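Working through the structure, step by step
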Amino acid sequence: MTAYIIMLVLLSALFHAFWNYLSKISYSPQLFFAWIAVVNIVISILIFLAWPPVIPSSIWVYIIGSAIVHFFYLASLSQAYTSGEISYVYPIARSAPGLIPIFSVLILDEKISLQGVLGISCTLVSVYMFIQPGELYTLPKLLEYLKKPEAIWSFSTLATVTAYSILDKKGMTEFYNEVGGSDIVNAVVYLLAESLLSSILYVVYVVYHFPWREIITIGKQSGIHIFISTLLKISSYSLILYALMTESVSYISAIRQFSVIFVVLLGGLNLGESQLKLRLIAGTTMVIGIFLIAISN
């Protein structure tokens, strides 16, 4: 992997971290996400009108299933940002790449090496370091802590990331087997279809639960940040797609995990969030764990 590709993936990680940071500092992360979802809907429709996709009927089961899970992901993550610190919420939600191999073994009958097991162990240790507030060493105290809203919503988000990752992997495999062609084109089509449906579900959810006046107010107050976040989100994924044209998905995913460290720094230095040193150590441990999993493949 060239230094150029590594820099592009790190830039993608920084973009991903920063648009999540902008959503955290907004007045209402839930409504902020809704406006980004509106932009996603518009973009997806325009692209599909210009280039009608070819999606086999059998793949729609995976797309619809993934869209439903992504809806719960958006709802959980926005609630988590409302309840807790981003340097706590984001790393837990992004720890999925270190835990997905466990479910891949159980659900998809994949094999995992000893090095992969070590990587998973590092990820589990890092998650524990994030959730323990300094003196949390007994199981009863740990269970009590996990009942707090920020913990509940953070781990709910992690569960949805794990679920849609497994679902999307299966769906993309079936998609490629039926359609063939470019992996990247298939990935974009699949992503846009899923994003369109999940965004519609989330916007409907927000419109039902929030008054119009509050929704419009957030749109006006955070318009620039919403535009920047949408641009960063698209740019982040575009850089990943470009990198995937020549490099292994495992290595790209591992390097992109540096977004965890970027978020911890943004939360600790810009927002004055707690336990900066501990969370930096935990974030570094997570990145190491996911690297070990990546190179074991």
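Let us look at the structure shown here.

Conventions and cut-offs
Residues numbered from 1 in each chain as written. Predicted model: local features only at pLDDT ≥ 70, side-chain atom pairs only at ≥ 80, totals over all residues. Heavy atoms only, no water. Helix = DSSP H or I, 4+ residues; strand = E, 2+ residues; numbered from the N terminus. Buried < 20%, exposed > 50% of the residue type's maximum accessible area, 1.4 Å probe, protein only. Contact = heavy atoms within 4.5 Å. Areas by Shrake-Rupley, 256 points an atom, 1.4 Å probe, with all protein chains shown as cover. Lys, Arg positive; Asp, Glu negative; His and termini not counted. Charge placed at Lys NZ, Arg CZ, Asp CG, Glu CD. Patch = residues over 30% accessible without salt bridge, like charges linked within 9 Å, V, L, I, M, F, W, Y side chains within 5 Å. Salt bridge = Lys/Arg side-chain N within 4 Å of Asp/Glu carboxyl O. Polar contact = N/O pair within 3.5 Å; in protein donor to acceptor, adjacent residues only side chain to side chain. Expected span 1.5 Å × (residues − 1). Phe/Tyr/Trp six-rings, centres within 6.5 Å; stacked < 30°, edge-to-face > 60°. Core = buried A, V, L, I, M, F, W, Y, C linked by side-chain atoms within 4.5 Å.

**What to know about the overall build of the chain**
Secondary structure summary: the chain contains 14 helices and zero strands in total. Projecting the C-alpha coordinates of the chain onto the three principal axes gives extents of approximately 55 × 50 × 35 Å. For the chain, with 297 residues in total, the buried portion stands at 48%. If you take every contact in the chain between residues at least 6 apart in sequence, the share linking residues at least 24 apart comes to 83%. A total accessible area of about 14500 Å² is found for the chain, and carbon and sulfur atoms account for 70% of it. The chain carries 14 positive and 14 negative side-chain charges, and their two centres are separated by 8 Å.

**Here we look at a nonpolar patch on the surface**
A cluster of nonpolar side chains, namely F18, I224, F227, I228 and L231, defines an oily patch on the protein surface of about 500 Å² accessible area. No other element matches helix α11 (residues 223–244), which puts four residues into the nonpolar patch. Topologically, I224 is positioned in helix α11.

**Side note on the side chain of S87**
The residue S87 is located in helix α4 (residues 86–93) in this model. Look at S87 and you get buried, because its relative accessible area is 1%. At a separation of 2.5 Å, a polar atom in the side chain of S87 contacts the side chain of E273. Discounting chain neighbours no more than four positions away, the residues touching S87 are F130, V263, V264, E273, S274 and R279.

**Description of helix α2 (residues 29–50)**
An ideal rise of 1.5 Å per residue puts 32 Å on 22 residues; α2 measures up with 32 Å between its terminal C-alpha atoms. Restricting attention to buried positions, one finds in α2 the residues P29, Q30, L31, F32, F33, A34, I36, A37, N40, I41, S44 and F48.

**Regarding the pattern of salt bridges**
One pass over the structure, following the stated rule, counts two salt bridges. With its nearest N and O atoms 2.6 Å apart, the salt bridge here joins R279 to E85. Of this pair, R279 sits in helix α14 (residues 276–296) while E85 sits in the loop between α3 (60–83) and α4, placing them 194 residues apart in sequence. On the basis of relative accessible area, R279 is assigned to the buried category, the value being 4%.

**Describing unusual backbone geometry**
Phi at Q275 takes a positive value of approximately 55°, unusual for a residue other than glycine. Structurally, Q275 is set in the loop between α13 (259–270) and α14. On the basis of relative accessibility, which here comes to 26%, the residue Q275 falls in the partly exposed class.

**A look at the environment of C122**
Here C122 lies in helix α6 (residues 114–131). Excluding residues within four positions of it along the chain, C122 makes contact with T285, G289 and L292.

**Description of the packing of aromatic side chains**
Applying the stated criterion across every chain, the model contains eight aromatic pairs. Ring geometry for Y202 versus Y205: centroids 5.9 Å apart, planes at 35°, classification tilted. Of the two residues, Y202 and Y205 are both situated in helix α9 (residues 183–209); the distance of three residues between them amounts to about one turn of the helix. In textbook terms, an aromatic cluster arises when at least three aromatic residues are bridged by ring pairs, as seen for F71, F72, Y202 and Y205.

**Digging into the nonpolar core**
Ranked by size, the top nonpolar core spans 66 residues in total, and within it F33 and Y202 carry the most contacts. At 10 residues, α3 tops the list of elements feeding residues into this core. Other than its neighbours up to four places away in sequence, F33 contacts W19, S23, L74, L77, S78, Y81 and Y202. V9, I240, A243 and I252 belong to the second largest nonpolar core, which has eight residues in total.

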